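An overview of the molecular structure
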Amino acid sequence: MSFWRQALAVAHKDVVAELRSREIITSVLVFAVLVLVIFNFAFTADVATMTLIAPGVLWVAFAFAGVLALNRTFIPEKEEGCLEGLLACPAEREAIYLGKMLGTLFFLLLVEAVVLPIFALLFNINVFQIEILAVTALGTIGFTAIGTVFAALAVNTRAREMVLPILFLPIVSPVIIAVVESSALALDGGGFSDMAVWLIILISFDVIFLTVPFLVFSYVIEE
Amino acid sequence: MNSLSSPAIEARGLVKSFGNTKVLRGLNFRVGKGVTLAIFGPNGAGKTTLIKTLASVMRPTSGQVFIDGLDLKEHAQEARGHLGLVSHQSYLYGALSAEENLVFYGRMYGVAEPRERTREILSLVGLTARRHDRAATFSRGMLQRLSLGRALIHKPSILMLDEPETGLDPQALASMWDILRHDAPSRTIIFTSHNFERALAVANEAIVLGRGKIAWSAQGDVLTLTSLSEAYVHTTGEHP
């Protein structure tokens, strides 16, 4: 009980602080929309070709915007010296992880909820299909789950903004590939059964990325 | 330290290294319950490292620490519930109000009624009128009082303060010790300091750290400003 209470306290604290400062949401949103606008001008193809490249474009925006968000997950804690304050609490390190992960997941899902209609408008593609929304949510969960661990790892390094994408993006690439391939199939008119293989890969990596942090986070967050 | 009373804190062969640099070199000491212990030492002596290691924010390289009899290696999480820590940094979130900060830490420390306890603490540290203001708008003295409130939110049996007088005027400092005496006179307190006179006004035991070792310790009648000053110069080679 106290595990969830502490995890939700961390997530709630992050959400309240972020809704006041809007540091993460604003920068991530602006970045993601800029990427979409640039790609929209870069590619002037027919609808069929756009449908092919659209999932990739969308996840380039989500992935790099997501790295920005993850970079800010622990930096404010470090800058305000609050990370030590959290470590001094009688909380399981995994509860701190879960709280930070849930907070970042909330921000990314919020950003995606704004970016998806803009994407649909710019690329004239209907992304509001249950298949695409489901794989986007699954991809975001896997991305955030393992990304939060790498964000904690990077925060104690000097070149933390560079360390995170270099370490994290190769690890999370199976999730991104699975989401892009699943989304492409969905845009091509396929259903969940058509994307079964990619869905299995995606869900498997989600499970792994949600399990590994519970085994390693205490070693990562403590010096 | 006081070997007669059962210890609130006990360190056995405590070593803490950063890379090849040994900051704490095999410390052995006991702090009895209800004792107010002042830790002195020049910069780099290991005072902050000692406080953070005892508070289980840092892991010892070797050796053992017991908090109220709980071995930090095996029961760190439970032991943390016995400790309150006031550091150089306030551990407060600037974007949150005083009340929100305390409620958050109340939840993290497993306080049963965090909002009610927050009201008590805000009253104790004299910040009830500013409870809705963000911590970022607070002066250094107010932040220190709020930080003290944060450390007391779960009624810890042991309080650790790392140079609590930094940035505080004498009036604010006196107010801080008044708050501590009023909240729980029998609490074990460990604090680091550079100011002998002010520290001895509240401490009943003292140690001097020199190069990661306990160079001198005293309690009771032996602990005077003169004995401390002489020991400090003699053991550290530096003037206070």
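From N to C terminus, chain B includes 8 helices and 10 strands. Against the 2.2 N^0.38 benchmark of 18 Å for 240 residues, chain B shows a C-alpha radius of gyration of 18 Å, consistent with a compact globule. For chain B, the spread of C-alpha atoms along the principal axes amounts to about 50 × 40 × 35 Å. For chain B, the proportion of its 240 residues judged to be buried stands at 57%. At a minimum sequence separation of 6, the contacts of chain B that also span at least 24 residues come to 69%. As presented, chain B carries roughly 10,100 Å² of accessible surface, and 48% of it is formed by carbon and sulfur atoms. Between the averaged position of the 27 positive side-chain charges in chain B and that of its 22 negative side-chain charges there is a distance of 6 Å.

Before going further, it helps to examine the pairing of strand β10 (residues 213-219) of chain B. Residue and element names in this part refer to chain B. Inspection of the sheet shows strand β9 (residues 205-210) paired to β10 by 6 bridges, in the antiparallel sense. In the strand pairing of β10, L209 is matched with I214. In this antiparallel pair of consecutive strands, β9 and β10, the connection spans 2 residues, and R211 shows a positive phi of 50°.

All names here are of chain A. Taken as a whole and judged by the stated rule, the model has 15 salt bridges over all chains. For the salt bridge of E222 with R93, the shortest nitrogen-to-oxygen distance reads 2.8 Å. With E222 in the segment after α8 (196-221) and R93 in helix α5 (residues 93-123), this residue pair connects regions lying 129 residues apart in the sequence. In terms of burial, E222 and R93 fall into one category: buried. One continuous salt-bridge network, built from bridges that share partners, spans K13, D14, E77 and K100.

Residue and element names in this part refer to chain B. On the surface, a cluster of positive charge is contributed by K22, R25, R211 and K213. With respect to the secondary-structure elements, K213 resides in strand β10. Under the relative-accessibility criterion, K213 is labelled partly exposed at 45%.

Turning our attention to the sheet that holds strand β4 (residues 62-67) of chain B. Residue and element names in this part refer to chain B. Ordered in space as β2-β1-β4-β5, the 4 strands form an open sheet in which the pairing is antiparallel. Edge positions in the sheet fall to β2 (21-32) and β5 (70-71), since each of these pairs with one other strand and no more. Here β4 pairs with β5 via 2 bridges, running antiparallel. Pairing of F66 across the sheet is with D71, part of β5.

All names here are of chain A. Their axes nearest at 9 Å, the elements helix α6 (residues 130-155) and α8 cross at an angle of 20°. With respect to each other, α6 and α8 are oriented roughly parallel. Helix-helix and strand crossings are classified by hand; for α6 and α8 the assignment is left-handed. Across from V135, L138, G139, I141, G142, A145, I146, T148, V149, A152 and L153 in α6, the residues of α8 making contact are L199, L202, I203, D206, F209, L210, P213, V216, F217, V220 and I221. A per-class count over the contact of α6 with α8 returns 18 nonpolar, 3 polar and 1 charged.

So, on to the side chain of B:Q144. All names here are of chain B. Within the secondary structure, Q144 is located in helix α5 (residues 140-152). Since its relative accessible area comes to 3%, Q144 is described here as buried. Of the polar contacts made by the side chain of Q144, one reaches the backbone oxygen of P164; its length is 2.8 Å. Beyond its immediate chain neighbours, meaning those up to four positions away, Q144 contacts V86, P164 and L168.

This brings us to helix α1 (residues 47-54) of chain B. Residue and element names in this part refer to chain B. When you tally the buried positions in α1, you get 7 out of 8 residues, the bulk of the element. Among all positions of α1, only K47, T49, L50, I51, K52, T53 and L54 are buried. Downstream of α1 by a residue or two, S56 has a phi angle that is positive, lying close to 65°.

Turning our eyes to something else, we now look at the packing of α5(A) against α6(A). Residues and elements named next belong to chain A. Packing of α5 against α6 brings their axes to within 9 Å, and their N-to-C directions diverge by 140°. The orientation of α5 relative to α6 falls into the category oblique. When the axes of α5 and α6 are compared, the crossing they make is right-handed. Mapping the contact onto sequence places Y97, K100, M101, T104, L105, L108, L109, E112 and L116 in α5 and L133, T136, T140, I141, F143, T144, A145, T148 and V149 in α6.

Looking now at the pairing of strand β8 (residues 188-192) of chain B. All names here are of chain B. Of all 5 residues making up β8, 5 are buried, and the element is well covered by its neighbours. Bridge count between strand β3 (residues 36-40) and β8: 4 bridges; the pairing is parallel. Bridge assignment links A38 to a residue of β8, and that residue is F191. Where strand β7 (residues 158-161) lies against β8, 4 bridges are found, and the strand directions are parallel. Within β8, the position partnered with I158 by the bridge is T188. Once you follow β7 into helix α6 (residues 170-183) and on to β8, the crossover reads as right-handed.

Turning to helix α8 (residues 225-236) of chain B, a few remarks are in order. Residues and elements named next belong to chain B. Taking 1.5 Å per residue, 12 residues should reach 16 Å; α8 reaches 16 Å between its end C-alpha atoms and fits that length. Check the buried side of α8 and you find it contacts β3, α7 (196-200), β9 and β10. G237 sits one or two positions beyond α8 and adopts a positive phi of about 75°.

Despite not being glycine, A:R22 has its phi angle at roughly 50°, a positive value. Take A:R22: it is sitting in the loop between α1 (2-21) and α2 (23-42). Positive phi outside glycine occurs at B:K155, with the angle close to 50°. Along the chain, B:K155 turns up in the loop between α5 and β7. The class for B:K155 is exposed, based on a relative accessible area of 57%.

Turning next to the nonpolar core. Counting residues in each nonpolar core, the largest one holds 161 residues, and the members touching the most others are A:F168, B:I9, B:F40 and B:M160. Residue contacts for A:F168: discarding those within four places in its chain leaves A:V67, A:L70, A:F143, A:I146, A:G147 and A:F150.

The next thing to look at is the sheet that holds β3(B). Where strands meet in a sheet, backbone hydrogen bonds hold them as pairs that are either parallel or antiparallel. All names here are of chain B. Pairing in this open sheet of 6 strands is mixed, and the strands run β6-β7-β8-β3-β9-β10 from one edge to the other. The strands lining the two open edges of the sheet, one partner per strand, are β6 (83-86) and β10. Each adjacent strand pair in this sheet contributes to an overall mean axis angle of 15°, direction not counted.

Procedures and definitions
Residues numbered from 1 in each chain as written. Chains lettered and ligands numbered in written order. Predicted model: local features only at pLDDT ≥ 70, side-chain atom pairs only at ≥ 80, totals over all residues. Heavy atoms only, no water. Helix = DSSP H or I, 4+ residues; strand = E, 2+ residues; numbered from the N terminus. Rg over C-alpha atoms; globule rule 2.2 N^0.38 Å. Buried < 20%, exposed > 50% of the residue type's maximum accessible area, 1.4 Å probe, protein only. Contact = heavy atoms within 4.5 Å. Areas by Shrake-Rupley, 256 points an atom, 1.4 Å probe, with all protein chains shown as cover. Lys, Arg positive; Asp, Glu negative; His and termini not counted. Charge placed at Lys NZ, Arg CZ, Asp CG, Glu CD. Pairing = 2+ DSSP bridges. Salt bridge = Lys/Arg side-chain N within 4 Å of Asp/Glu carboxyl O. Patch = residues over 30% accessible without salt bridge, like charges linked within 9 Å, V, L, I, M, F, W, Y side chains within 5 Å. Axes fitted to C-alpha atoms, helices over the stretch in contact; angles between N-to-C directions. Parallel < 35°, antiparallel > 145°, perpendicular 65-115°, else oblique. Left-handed = near helix turned anticlockwise from the far one by under 90°. Nonpolar A, V, L, I, M, F, W, Y, C, P; charged D, E, K, R; others polar. Polar contact = N/O pair within 3.5 Å; in protein donor to acceptor, adjacent residues only side chain to side chain. Right-handed = clockwise from strand over helix to strand, strands pointing away. Expected span 1.5 Å × (residues − 1). Core = buried A, V, L, I, M, F, W, Y, C linked by side-chain atoms within 4.5 Å.

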